[in-house]
Amino acid sequence: MLDRTPSGTRDVLPDEMRELRALMERVRAVFEGAGYGEVYTPALEYERTFARDGARVSSPYRLFDEHGNVLVLRSDMTVPIARMVGSRYATAPTPLRFCYFAHAYHGVRPQRGQSRELLQAGVELIGSAGPAGTVEALTVLCDALDAAGLENYRVGVGDVTLYPALLESLGVEAAARERILAELTSGDFVGVEHELAQLAVSPADAELLLRVPRIRGGAEVLEGLDGPLEQAGAGMRTLLGLLQPRTARRVIFDFGLLHNLGYYTGAIFQVYDPAYGVPLGSGGRYDDLLGEFGRPLPAVGFALDVERVHIALRAEERSRV
Amino acid sequence: MSESLAAQGLRLAVPRGALFADTLDLLDRLGVDTQPVRENDRRLLFAESGIITMRPSDVPTYVEAGAADLGITGKDVLMEQSERALYELADLGYGRCEMVVASLAGEDPAADALRRLGVVRVATKYPRVATRHFLSTGRQAEIVEVKGSVELAPLTGLVDAIVDLTATGTTLRENHLVVRETIAVCTARLIANPVADKLKATAIDAIVSRIAG
């Protein structure tokens, strides 16, 4: 009986490793060129680092050290870098720019072929508020995807506060808000419709609540937004106006975009490629997280799943021949 | 006006089986030419129409991976595969049936087992739906997954109850089974790959609004 790697993990052999390494070198050149210095933090962190109120992310892997401390395998790089900034850059002038190429560890649902160990390439821009900081992050993201060699990718841009704020402004009570957001997060628009039918809101408001998460597309979707959407539309138009044309042509606006990570506070991104059916990466603003580590600073970042970018590259190549 | 899904850059996963006829009728109403699909029940891929055909439980697999942009399958299948990253866009209304708990007529053997043994044995083709249902109602159940006729299991003493789909109740009645609880009403649903839903938004929205309208 041969020994296998644990489910959700795998060995990377030379042919693939050469391609991954070359891909990461192209991306790293973009990150470094934009002033993002590479850092590496421990794969293990104290559990309390990931359990802070503002972090609200949990790792499924817990270990005990020889003193009985509970350690976790990091589930992303954003929280460790926030911790690092709070301790190692407590007084450093801002903005701070870091990039990383590192593994993060996720829980998996059984028998789905999901990875427990994800190789991520990402950046964190700390001390730069929106929209300027958001524009910089989107620019670096698109330049990195260009350098990676993807031709047809798009970046969806939404706002994590948009839909919850809309629900609240229409007087939807907290319990119902949570149920609707849960249906939306799981992608069940039929479920959203059922939930809305139970609400004591006007038919016009119910129609609005059903329509808004389906608003997605190019700059044209930002036209003619009024009432409760006027402000959100204006914010996205401002963002679009600040983007260079090479980045702006990659952006699609998505009013239904929600992330299940707890620490996002504003603009959020998700990367798509038509050649591959799953998102290649994501990111967004997390303006409250650094405060948890003693340096309250606005921040924005993204992480690309290197293996998925690699899969999409191969799929694009194969669709061209 | 006849137009193909392929011309709009879309590929649709169509379920063979109980939902097949209604699905093709729906596509006809949307102006999709289903003649090639109707004429050939052995072919699986109809590239010119943008249609692929498969068993209903495979539809979420193809759509989640992006091998199809859209798919049609039963809510029962989606409930059983609820962990998949899919968008559920529309309730198509047809293929209506109920997911029920049923047991032999007379005094409910499931209630008797729970009272005297503390656990009920349940046969089903929907192990995750059944597990969730009994867990969420505070009852311990031992789920027995079967692939074929579920009705046989309580008749032979294999289990005390079943969780299964029923449309008319005829099969249950013929096997002396009665519905004890309704878990959910299931109809055909239109599902989408989340990436396709973002990148092919205009084409997908056009289809959804024609279904709703």
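Bear in mind the structure is a predicted one, so any value in this text is a computation, not a measurement. (Residues numbered from 1 in each chain as written. Chains lettered and ligands numbered in written order. Predicted model: local features only at pLDDT ≥ 70, side-chain atom pairs only at ≥ 80, totals over all residues. Heavy atoms only, no water.)

When its secondary structure is counted, chain A shows eleven helices and twelve strands. Here the C-alpha radius of gyration of chain A, 20 Å, is about what a compact globule of 321 residues would show, namely 20 Å. When its C-alpha atoms are laid out on the principal axes, chain A stretches across 60 × 55 × 55 Å. Put simply, chain A has 321 residues, and 49% of those count as buried. Considering only contacts within chain A whose residues lie at least 6 apart along the sequence, 68% involve residues at least 24 apart. Across chain A, the 33 positively charged side chains and the 43 negatively charged ones have centroids separated by 4 Å. (Helix = DSSP H or I, 4+ residues; strand = E, 2+ residues; numbered from the N terminus. Rg over C-alpha atoms; globule rule 2.2 N^0.38 Å. Buried < 20%, exposed > 50% of the residue type's maximum accessible area, 1.4 Å probe, protein only. Contact = heavy atoms within 4.5 Å. Lys, Arg positive; Asp, Glu negative; His and termini not counted. Charge placed at Lys NZ, Arg CZ, Asp CG, Glu CD.)

When the pLDDT values of chain B are averaged, the result is 94; 99% of them are 70 or greater. On the interface metric, ipTM, the complex scores 0.90, and its pTM is 0.92. (pLDDT = per-residue confidence, 0-100.)

We now examine the sheet that holds strand E11 (residues 188–192) of chain B. Residues and elements named next belong to chain B. The sheet built from six strands is open, its strands ordered E2-E3-E1-E4-E11-E5 with mixed pairing. Every other strand in the sheet has two partners, leaving strand E2 (45–46) and strand E5 (87–91) as the edge strands with one partner each. Contacts from helix H1 (residues 20–29) reach strand E1 (12–15), strand E3 (51–54) and strand E4 (70–74), with the element oriented near 140° to E1. (Pairing = 2+ DSSP bridges. Axes fitted to C-alpha atoms, helices over the stretch in contact; angles between N-to-C directions.)

Looking now at the state of the cysteines. In protein structure, a disulfide is the covalent linkage between the sulfur atoms of two cysteines. All names here are of chain B. Considering all chains together, one arrives at zero disulfides over all chains under this definition. The thiol sulfur of Cys 97 is not disulfide-bonded, and the nearest other cysteine sulfur, from Cys 186, lies at 5.6 Å. With a relative accessible area of 1%, Cys 186 lands in the buried category. (Disulfide = S-S within 2.5 Å.)

The subject of this paragraph is helix H11 (residues 306–320) of chain A. Residues and elements named next belong to chain A. Relative to the 21 Å expected for 15 residues at 1.5 Å per residue, H11 spans 21 Å between its end C-alpha atoms, a close match to the ideal helical length. Elements that come into contact with the buried residues of H11 comprise helix H1 (14–33), strand E6 (117–126), helix H4 (132–148), strand E10 (267–273), strand E11 (276–285) and strand E12 (299–305). Where H11 begins, one side-chain oxygen reaches toward the backbone nitrogen of Glu 307, 3.1 Å away; that side chain belongs to Asp 305. (Expected span 1.5 Å × (residues − 1). Polar contact = N/O pair within 3.5 Å; in protein donor to acceptor, adjacent residues only side chain to side chain.)

Glancing now at the side chain of Lys 75 of chain B. As for its position among the elements, Lys 75 of chain B is in helix H4 (residues 75–80). Those residues in contact with Lys 75 of chain B that lie beyond four places of it in its chain are Asp 188 of chain A together with Glu 88, Cys 186, Thr 187 and Arg 189 of chain B.

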